[in-house]
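Letter by letter, the chains look like this.
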Amino acid sequence: MADNFVDGIMETVESRNGGDVEFHQAVREVVESIAPVIEKHPEFAAAGIVERVVEPERQIIFRVPWMDDNGQVQVNRGFRVEFNSAIGPYKGGLRFHPSVNVGIIKFLGFEQTFKNALTGTPIGGGKGGCDFNPKGKSDNEVMRFCQSFMSELFRHIGPDTDVPAGDIGVGAREIGYLFGQYKKLTNTFVGILTGKGLGWGGSLVRTEATGYGLVYFVSRMLEARGKDWKGQKVVISGSGNVAIYATQKVQQLGGTVIALSDSNGYIVDNDGIKLDTVRQIKEVRRGRIKEYLEEHPSAEFHEGWEGIWSVPCDVALPSATQNELDGNAAGTLVANGCIAVAEGANMPSTPEAVKVFLDGGVSFGPAKAANAGGVATSALEMSQNSMRMSWSFEEVDKRLKGIMDSIYTQCVEAADAYGCNGNLVAGANIAGFLKVARAMMAQGVV
Ligand code: NDP
């Protein structure tokens with residue numbers, strides 16, 4: 001039954017979503033994991049839950065015209081995919097990167113639905129973005145672009161409808177410009193975006209949350225192997241929001257991060273990465289990771305981001321982008337003695353890589369579970385906005401840690417309950433799906 005079920009769903013998904021290969025990949029992984037759930041719960045099949053869950057509730061594609069500093073009109077394409085609202089308002093980030101297309105946004109929105117369910121907070125799944133490249137643009141260009149993007153998006157979102165946040169290429173600066181335009185167009189000051197500045201509705205710990213949450217999750221994975229962070233050598237790809245705050249938390253807990261990357265290449269500093277330098281380069285100057293060597297000449301820089309997985313380590317945290325770690329890279333990590341891998345980015349490991357890790361006895365934390373700390377803290381920001389109050393750093397951090405612990409436990413228990421003992425990929429997919437499916441059942445065919 002399992003093969004027929006998976007093939008049947010995939011046939012429809014592939015024919016309806018032509019070349020959206022990342023979306024096919026994300027759906028296949030979930031559908032394969034939940035086959036035993038459907039077998040045990042025929043009521044889900046009778047209600048067409050899986051057929052409905054793989055089809056976005058709404059997809060919006062729009063023109064984003066803006067004027068560059070030379071007075072030339074530029075045109076980009078914007079997206080918002082409102083995937084599933086069974087559990088709460090659509091929630092998920094906006095990505096500004098030249099590689100963005102509807103397939104990538106659909107895969108991210110689909111993943112987001114189950115991730116958000118795992119957090120135990122009342123948020124549905126969505127994702128958006130644009131093929132705009134903020135790199136090399138002036139602040140004024142970014143502002144004009146964000147204003148144009150929001151001039152269309154504002155009519156589709158709302159604090160009880162859809163609440164976007166940041167993702168690749170969308171940080172504090174972009175959220176500020178987007179929020180300003182929403183406020184002007186609607187004459188309301190509401191929690192319409194998360195990741196806002198601390199002086200205007202943002203939450204403490206939101207900036208750090210995905211990276212911190214990832215490390216809290218891995219703490220549980222290490223604990224299950226009788227270990228902790230002390231003395232662990234760690235390789236983290238990327239050097240953006242997720243990578244920077246994962247590095248900070250690993251260092252606080254006694255591990256040593258020895259490599260980071262960007263899309264040009266990777267640095268290795270065997271004495272431990274000096275995070276202040278990285279933050280100065282990436283957060284202040286918006287520069288390239290190889291500039292690290294100007295201050296720390298004993299470190300190494302290697303061209304090309306793929307090579308980072310050849311650096312021997314105990315723990316690897318892919319935190320840059322989708323499909324950045326393939327089966328060969330996974331084989332190298334295993335051969336070099338890596339014991340734990342957890343995904344800071346969304347779907348950074350190819351299906352072949354995941355198989356290599358699971359077969360090789362590596363503890364593997366999938367993105368939906370391991371990187372859910374960001375959106376969980378976004379949900380905490382929404383709660384604070386609704387109450388018009390703000391919690392302390394310690395309070396939010398404590399809640400974040402509690403949520404990551406609970407996600408880990410849900411994954412382990414769901415995997416056990418469906419005969420996939422120790423497989424956190426299956427556990428995350430099953431636990432997330434069950435929550436969404438039960439809410440959809442209760443709400444009828446809508
Ligand atoms: P940032 O834009 O802050 O940083 C992205 C980093 O990844 C940069 O170092 C960038 O390098 C690198 N990168 C991006 N694209 C590529 C590519 N095609 N090849 C190699 N390197 C690349 O993004 P975030 O840190 O916010 O996001 C990173 C990942 O984490 C994404 O998959 C995102 O979906 C996921 N995520 C983020 C959350 C958040 O709260 N921010 C929450 C959950 C998941 P360069 O500067 O050279 O482009």
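Anything mentioned here points back to the structure above.
Residues numbered from 1 in each chain as written. Predicted model: local features only at pLDDT ≥ 70, side-chain atom pairs only at ≥ 80, totals over all residues. Heavy atoms only, no water.

### Concerning unusual backbone geometry
A negative phi holds for most residues other than glycine; trans holds for most peptide bonds.
Okay, step 1: Backbone geometry at Asn187 places phi at a positive 55°, although glycine is not the residue there.
Okay, step 2: One can find Asn187 in the loop between helix 7 (172–186) and helix 8 (206–223).
Okay, step 3: Assessed through its relative accessible area of 71%, Asn187 is described here as exposed.
Okay, step 4: Residue Asn323 is not a glycine yet carries a positive backbone phi of 50°.
Okay, step 5: Note that Asn323 resides in the loop between strand 10 (315–317) and helix 12 (327–335). (Helix = DSSP H or I, 4+ residues; strand = E, 2+ residues; numbered from the N terminus. Buried < 20%, exposed > 50% of the residue type's maximum accessible area, 1.4 Å probe, protein only.)

### Considering the packing of helix 16 (residues 393–417) against helix 17 (residues 424–443)
Okay, step 1: It is at 7 Å that the axes of helix 16 and helix 17 come closest, and there the two elements cross at 100°. Accordingly, the angle class assigned to the pair helix 16 and helix 17 is roughly perpendicular. For the pair formed by helix 16 and helix 17, the contact residues are Tyr408, Gln410, Cys411, Val412, Ala414 and Ala415 on the first element and Leu424, Gly427, Ala428, Ile430, Ala431 and Lys435 on the second.
Okay, step 2: Broken down by class, the residue content of the contact of helix 16 with helix 17 amounts to 9 nonpolar, 2 polar and 1 charged. (Axes fitted to C-alpha atoms, helices over the stretch in contact; angles between N-to-C directions. Parallel < 35°, antiparallel > 145°, perpendicular 65-115°, else oblique. Contact = heavy atoms within 4.5 Å. Nonpolar A, V, L, I, M, F, W, Y, C, P; charged D, E, K, R; others polar.)

### With respect to the pattern of salt bridges
Okay, step 1: All chains considered together, the criterion is met by 26 salt bridges.
Okay, step 2: Glu14 is paired through a salt bridge with Arg28; the nearest N and O atoms lie 3.8 Å apart. Of this pair, Glu14 sits in helix 1 (residues 2–16) while Arg28 sits in helix 2 (residues 21–40), and the two are 14 residues apart along the sequence.
Okay, step 3: Of the residues examined, Glu14 reaches a relative accessible area of 33% and is grouped as partly exposed. (Salt bridge = Lys/Arg side-chain N within 4 Å of Asp/Glu carboxyl O.)

### Some words on the sheet that holds strand 2 (residues 73–84)
Okay, step 1: The strand order across the open sheet built from 5 strands is 1-2-4-3-5, with neighbouring strands paired in mixed fashion. Two strands in the sheet have a free side with no partner beyond their single neighbour: strand 1 (58–67) and strand 5 (162–165). The mean angle between the axes of side-by-side strands here comes to 20°, regardless of whether they run parallel or antiparallel.
Okay, step 2: Where strand 1 lies against strand 2, 10 bridges are found, and the strand directions are antiparallel. Bridge pairing in strand 2 links Pro65 to Val75.
Okay, step 3: Of the strands in this sheet, strand 1, strand 2, strand 3 (90–96) and strand 4 (125–130) are in contact with helix 5 (residues 102–118), which crosses strand 4 at around 150°. (Pairing = 2+ DSSP bridges.)

### A few points about the site of the ligand
Okay, step 1: The full set close to the ligand counts 26 residues, and Asp167, Thr210, Ser263, Arg288 and Asn346 are the nearest of them.
Okay, step 2: Note that an oxygen atom of the ligand is positioned 2.9 Å from one of the backbone N or O atoms of Asn241.
Okay, step 3: Between the ligand and the protein, one listed contact pairs an oxygen atom with a side-chain N or O atom of Ser263 at 2.4 Å.
Okay, step 4: Listing elements by their share of the shell around the ligand, those giving two or more residues are helix 8, helix 9 (241–252) and strand 7 (256–262).
Okay, step 5: When its residues are assigned to classes, the shell around the ligand shows 5 nonpolar, 14 polar and 7 charged. (Near = heavy atom within 4 Å. Polar contact = N/O pair within 3.5 Å; in protein donor to acceptor, adjacent residues only side chain to side chain.)

### A few points about the side chain of Thr350
Okay, step 1: Along the polypeptide, Thr350 turns up in the loop between strand 11 (340–342) and helix 13 (351–359).
Okay, step 2: Those residues in contact with Thr350, other than ones at most four positions away along the chain, are Gln25, Asn323, Leu325, Asp326 and Gly327.

Everything listed here is a matter of geometry and, on its own, says nothing about what the molecule does.
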